[in-house]
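# Report on the structure
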Amino acid sequence: MVFKLFRRAEVDVAEVKASAAAPVIAFHGSGRVAWSPRDIASLTRNGFAGNPVGFRCVKMIAEAAAAVPIVVQDAETRYAEHPLTSLIAQPNQGQGGAALFESFYGQLLLSGDGYFEAAGETLEGAPRELFVLRSDRMKVIPGADGWPVAYEYAVGARKHRFDMRGEFAPVLHVKNFHPQDDHYGLSAMQAAAAALDVHNSASRWSKSLLDNAARPSGAIVYKGADGQGQMGADQYSRLVDELASHHTGAANAGRPMLLEGGLDWKPMGFSPSDMEFQKTKESAAREIALAFGVPPMLLGLPGDNSYANYQEANRAFYRLTVLPLVSKTLAALSGWLPERFGMGLTLRPDLDQIHALSAEREAQWRRVSEAGFLTEAEKRSLLGLPPKADIA
């Protein structure tokens, strides 16, 4: 009995080896969905550096927000010259004001968190320089009550801790709303991660089709003259080697396939039109633009153009995306920097110098100026100006 069991096992092993000469059918089955990692580094690499739509959205918003003019004023005066305006115009030796804010807005869009650092100190006690710290290197150190007591900045093995319990906080943390995290913000890149994966996968699929002369995959089926669908091991190996060397890769795209007797080519894939990859790619691009708040018309994406013209789309882009981002950042800076420059100072965007809003600003000025029942101070307040007309 034992001898028969071992003999049966040997026969089974021989059958498994013989299966290599079974009918040759090569196909690519559908596996599980493979999503990219959701950490900041992976999202930045796949969604910004590796995706043209994500790159353009972040670049458009960051550059537009950084170009918004900033004014310093208090309850009575709008300052043309002030130490705070000088600091914003030239925050450090390596960056101008626009470059600093572009870097900050880029970090905020990519990670959901943005960090300013105040370095040095003047004779008056104000900071000498401002820097933007990378969000992926920053770690929040919460205290016993849950509020941050320090921030830890790590570069490789080196770490620096910013103590937030002093008289003046050295770091300003601006974050997006996150319903499930108390210390870190939710970025638009995370919300658009699935659409980014779809868009990148569609691009890779298109590239693979081009490398293969836009031909779908298929199968080579062998059927011998005697009706048996089995090949010898040496025949199987030779066929695999010929396919790999003569019909795989971009260099062999379009090369005709010569099949010997008993071999038949069976197409098994769908054409790009059947799979509608182009429509899928365009839909994913619109979802990415939607997550960032950029009208698809401004990105040159077809479909879903809900605005009558480019000017209306650009105005909506500033009103719904750029200005809320700038106002939020300047409000945070107004609660942080004036502690060292004097209380009562605020940072505001100068809406009158934004070209995209010129038409509606002109209409607002006309309505306010023609309102005879308003005093001059009330008119200036409605336009965002201090009550007094003096400019320091």
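Refer to the preceding data block for the structure.
Residues numbered from 1 in each chain as written. Predicted model: local features only at pLDDT ≥ 70, side-chain atom pairs only at ≥ 80, totals over all residues. Heavy atoms only, no water.

Tallying secondary structure elements over the protein gives 15 helices and 11 strands in all. A total of 392 residues make up the protein; the buried ones form 36% of that total. Sequence-distant contacts, at least 24 apart, represent 63% of the contacts inside the protein between residues at least 6 apart. When the accessible surface of the protein is split by element, carbon and sulfur atoms take 55% of a total near 23,200 Å². (Helix = DSSP H or I, 4+ residues; strand = E, 2+ residues; numbered from the N terminus. Buried < 20%, exposed > 50% of the residue type's maximum accessible area, 1.4 Å probe, protein only. Contact = heavy atoms within 4.5 Å. Areas by Shrake-Rupley, 256 points an atom, 1.4 Å probe, with all protein chains shown as cover.)

Our next topic: the sheet that holds strand S2 (residues 78-79). Reading across the sheet, the three strands line up as S2-S1-S11 and stay open at both edges, with antiparallel pairing between neighbours. Two strands bound the open sheet, and with one partner strand each, they are S2 and strand S11 (346-349). Direction of pairing for strand S1 (residues 70-73) relative to S2: antiparallel, over a ladder of two bridges. The residue bridging Gln73 from the neighbouring strand is Arg78, located in S2. Helix-sheet contacts for helix H12 (residues 310-334) involve S1 and S11, and the interaxial angle to S11 is about 170°. (Pairing = 2+ DSSP bridges. Axes fitted to C-alpha atoms, helices over the stretch in contact; angles between N-to-C directions.)

Another point: the packing of helix H3 (residues 52-66) against helix H5 (residues 97-111). For the pair H3 and H5, interaxial distance at closest approach is 8 Å and the crossing angle is 140°. Viewed along their axes, H3 and H5 adopt a mutual orientation that is oblique. Between H3 and H5 the crossing geometry is right-handed. On the side of H3, the interface is formed by Val58, Ile61, Ala62, Glu63, Ala65 and Ala66, while H5 contributes Ala98, Phe101, Glu102, Tyr105, Gly106, Leu109 and Leu110. The residue makeup of the contact of H3 with H5, split by class, is 10 nonpolar, one polar and two charged. (Parallel < 35°, antiparallel > 145°, perpendicular 65-115°, else oblique. Left-handed = near helix turned anticlockwise from the far one by under 90°. Nonpolar A, V, L, I, M, F, W, Y, C, P; charged D, E, K, R; others polar.)

In this section: the side chain of Asp197. Position of Asp197 relative to the elements: it lies in helix H7 (residues 193-211). Asp197 has contacts with Trp35, Ser36 and Arg38, leaving out every residue within four places of it along the chain.

Time to look at the sheet that holds strand S3 (residues 113-119). An order of S4-S3-S8 is seen for the three strands of this open sheet, with the pairing classed as antiparallel. Each edge of the open sheet carries a strand with a single partner, namely strand S4 (129-133) and strand S8 (171-175). For this sheet the average axis-to-axis angle between neighbouring strands, irrespective of direction, equals 20°. Strand contacts of H12: S3 and S8, with the helix running at about 150° to S8, the strand carrying the most contacts.

Following the criterion strictly, the structure yields five salt bridges and no others. For Lys59, the salt bridge is made with Glu63, and the minimal N-O distance between the two is 2.7 Å. Remark: Glu63 and Lys59 occur in helix H3; sequence separation between them is four residues, near one turn of the helix. With relative accessibility at 29%, the residue Lys59 sits in the partly exposed group. Taking the relative accessible area as the measure of exposure, Glu63 reaches 33% and is therefore partly exposed. For the salt bridge of Asp136 with Arg134, the shortest nitrogen-to-oxygen distance reads 2.7 Å. On the basis of relative accessibility, which here comes to 37%, the residue Asp136 falls in the partly exposed class. The exposure class assigned to Arg134 is partly exposed, which follows from its relative accessible area of 35%. (Salt bridge = Lys/Arg side-chain N within 4 Å of Asp/Glu carboxyl O.)

On to the pairing of strand S5 (residues 138-142), then. When S5 meets strand S6 (residues 148-155), the two strands line up antiparallel, connected through five bridges. Looking at S6, one finds that Met138 is bridged to Tyr153. In sequence, S5 turns back onto S6 through a hairpin of five residues, with Gly146 there showing a positive phi of about 95°.

With 15 residues, H5 extends 21 Å from end C-alpha to end C-alpha; this agrees with the ideal 21 Å at 1.5 Å per step. The buried count for H5 comes to 11 of 15 residues, which makes it a mostly enclosed element. Along H5, the residues classified as buried are Gly97, Leu100, Phe101, Phe104, Tyr105, Gly106, Gln107, Leu108, Leu109, Leu110 and Ser111. Positioned one or two residues after H5, Gly112 has a phi angle of 90°, which is positive. (Expected span 1.5 Å × (residues − 1).)

Another aspect to go through is the nonpolar core. Core analysis: the biggest nonpolar cluster contains 72 residues, and Tyr105, Phe116, Phe292, Phe317, Leu333 and Trp336 have the highest contact counts within it. When neighbours within four sequence positions are excluded, Phe317 is seen to be in contact with Met60, Ile61, Ala64, Gly293, Val294, Pro295, Leu298 and Val322. (Core = buried A, V, L, I, M, F, W, Y, C linked by side-chain atoms within 4.5 Å.)

Before going further, it helps to spend a moment on the packing of aromatic side chains. Counted by the stated rule, this structure contains eight aromatic pairs. Pairing Phe101 with Tyr105 gives two aromatic rings, centres 6.1 Å apart and planes at 35°, and the pair type is tilted. Highlighted residues: Phe101 and Tyr105, both in helix H5, separated by four residues, approximately one helical turn. We classify Phe101 as buried; its relative accessible area is 5%. The rings of Phe101, Phe104, Tyr105 and Phe116 are connected pair by pair, giving a single aromatic cluster. (Phe/Tyr/Trp six-rings, centres within 6.5 Å; stacked < 30°, edge-to-face > 60°.)

Attention now moves to the pairing of strand S7 (residues 158-163). For S6 and S7, the ladder comprises six bridges, and the chain directions are antiparallel. Following the sheet pairing, Tyr151 is matched in S7 by Phe162. The antiparallel hairpin formed by S6 and S7 contains two residues in its connecting segment, where Gly156 sits at a positive phi of about 65°.

With that settled, the discussion passes to the environment of Leu301. Mapped onto the secondary structure, Leu301 falls in the loop between helix H11 (296-299) and H12. Along the chain, Leu301 and Ala289 lie 12 residues apart, while their C-alpha atoms are 9.3 Å from each other.

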